[in-house]
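What follows is each chain in one-letter form.
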Amino acid sequence: TSTGALSDLKELQGVCGEYDVKLCLDCISSIGIVPVDLSGVYLASGTSGKGLVSVAGLAMVFHNHDLCSTPDAIPNSLDMGYYQEKGGIPFTLQSSLLYALSESLAEIDWVERYEKIAAWSVSTRKLLDRAGISVLVDESSSLPAVITIVVPDGVASVYVGDELKQKDILVSYKSGYLLERNWIQFCMMGNEQQSARKPVRILERLLRV
């Protein structure tokens, strides 16, 4: 998410399969944004928030093999092997988070969602390109829901983010890695894909140096 790049899953699967290497993936920002095929993946992580459009707070670990507990190496509450040995959930989870996730998974048309996010990404990138605004990752290598914008020298990204916020346009810009590199991000992980015409028009004025 920090760059807006999407790793080539098929290439990773191919290389790891060729060299018999276990493949572990961070899918927190891709699940619910693009179709994800975890064939040949040893472990993958996810979350109830972000792309799954539910309440944040549930961590997920996907696996299709038996796990052994390691009580001397990791706390029981984080030990997936311990969960498997107990045959269920050995510790209390917030039922409200589970119900919210269940509702989100059941109610959303995921194929339609993928298409809408992809369309938003294409249209937003065209607007940015016409305005002469530099984007970090090209479309072929991007996570559709995240567009990282390179703020030119002479303009502070925090200034741009603050000015957009004053106009009720919320972008990602206060994370340390974004501030350090003078980047801002357009993110569309919610269930409503809004036009970027107004944000890009304002951004074009702010970035004039």
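Counting from 1, residues in each chain are numbered in the order their sequence is written. Only residues with pLDDT of 70 or above have their local features reported here, since the model is predicted, and side-chain atom pairs are shown and tallied only from 80 upward, although totals for entire chains, interfaces and linings are computed over all residues. No hydrogens and no water enter the side-chain calculation; it runs on all heavy atoms of the structure.

Colleague: So what exactly am I meant to see when it comes to a nonpolar patch on the surface here?
Modeller: Distance thresholds for patches are 9 Å for like charges and 5 Å for nonpolar side chains (Val, Leu, Ile, Met, Phe, Trp, Tyr), applied to residues having over 30% relative accessible area and no salt bridge. The protein chains shown are the only cover counted for residues, whose accessible areas, like all others here, come from Shrake-Rupley with a 1.4 Å probe. Salt bridges are defined as contacts in which a side-chain nitrogen from Lys or Arg sits within 4 Å of a carboxyl oxygen from Asp or Glu. Together, Val15, Tyr19 and Val21 make up an exposed nonpolar region whose accessible area comes to about 310 Å². By the element assignment, Tyr19 lies in the loop between helix H1 (9-18) and strand E1 (24-26). On the basis of relative accessibility, which here comes to 58%, the residue Tyr19 falls in the exposed class. Runs of E in the DSSP output that reach at least two residues are strands. Runs of H or I that reach at least four are helices, and both are numbered from the N terminus. The buried label applies to any residue whose accessible area, calculated with a 1.4 Å probe on protein chains only, is under 20% of its type's maximum; exposed applies above 50%, and partly exposed to all values in between.

Colleague: It is not clear to me how unusual backbone geometry should be interpreted in this structure. Could you clarify?
Modeller: As a rule of thumb, non-glycine residues mostly have phi less than zero, and peptide bonds are mostly trans rather than cis. Of note in this structure, Asp20 is not a glycine but carries a positive phi near 55°. Take Asp20: it is sitting in the loop between H1 and E1. Relative accessible area serves as the criterion here: at 73%, Asp20 is assigned to the exposed category. If you check the backbone angles, Lys50 has positive phi at about 50° while not being a glycine. With respect to the helices and strands, Lys50 occurs in the loop between strand E2 (43-47) and strand E3 (59-62).

Colleague: Hey, could you run me through the environment of Gln185 in this one?
Modeller: Relative to the helices and strands, Gln185 resides in strand E5 (residues 183-187). On the basis of relative accessibility, which here comes to 2%, the residue Gln185 falls in the buried class. With 152 residues separating them along the chain, Gln185 and Ile33 place their C-alpha atoms 16 Å apart. Beyond its immediate stretch of four places on either side in the chain, Gln185 contacts Thr1, Ser2, Thr3, Gly4, Val146, Ile147, Thr148, Val171, Ser172, Tyr177 and Leu178. Among the polar contacts listed, one links the side chain of Gln185 to the side chain of Thr148, at a separation of 3.0 Å. We call two residues in contact whenever any of their non-hydrogen atoms come within 4.5 Å of each other. For this analysis, a polar contact is any N or O atom pair within 3.5 Å, provided that within protein one partner can donate a hydrogen and the other can accept it, and provided that sequence-adjacent residues contribute only side-chain to side-chain pairs.

Colleague: What am I meant to see in the sheet that holds E1 here?
Modeller: Either a parallel or an antiparallel arrangement is found when strands of a sheet pair, and the pairing is made through backbone hydrogen bonds. Strand order in the open sheet formed by 3 strands is E1-E2-E3, and the pairing between neighbours is mixed. Two strands in the sheet have a free side with no partner beyond their single neighbour: E1 and E3. Each strand axis lies, on average, 20° off the axis of its neighbour in the sheet, ignoring direction. Whether two strands pair depends on DSSP finding at least two bridges between them. Orientation is described by lines fitted to C-alpha atoms, with helices fitted over the stretch in contact, and by angles between N-to-C directions that extend from 0 to 180 degrees.

Colleague: Hey, could you run me through the pattern of salt bridges in this one?
Modeller: Inspection of every chain in the model, using the stated rule, returns 3 salt bridges. Where Glu163 meets Lys167, a salt bridge forms, and the shortest distance between an N and an O atom there is 3.7 Å. Since its relative accessible area comes to 33%, Lys167 is described here as partly exposed. Arg181 serves as the salt-bridge partner of Glu180, at 3.9 Å between the closest nitrogen and oxygen. What makes Glu180 exposed here is its relative accessible area of 66%.

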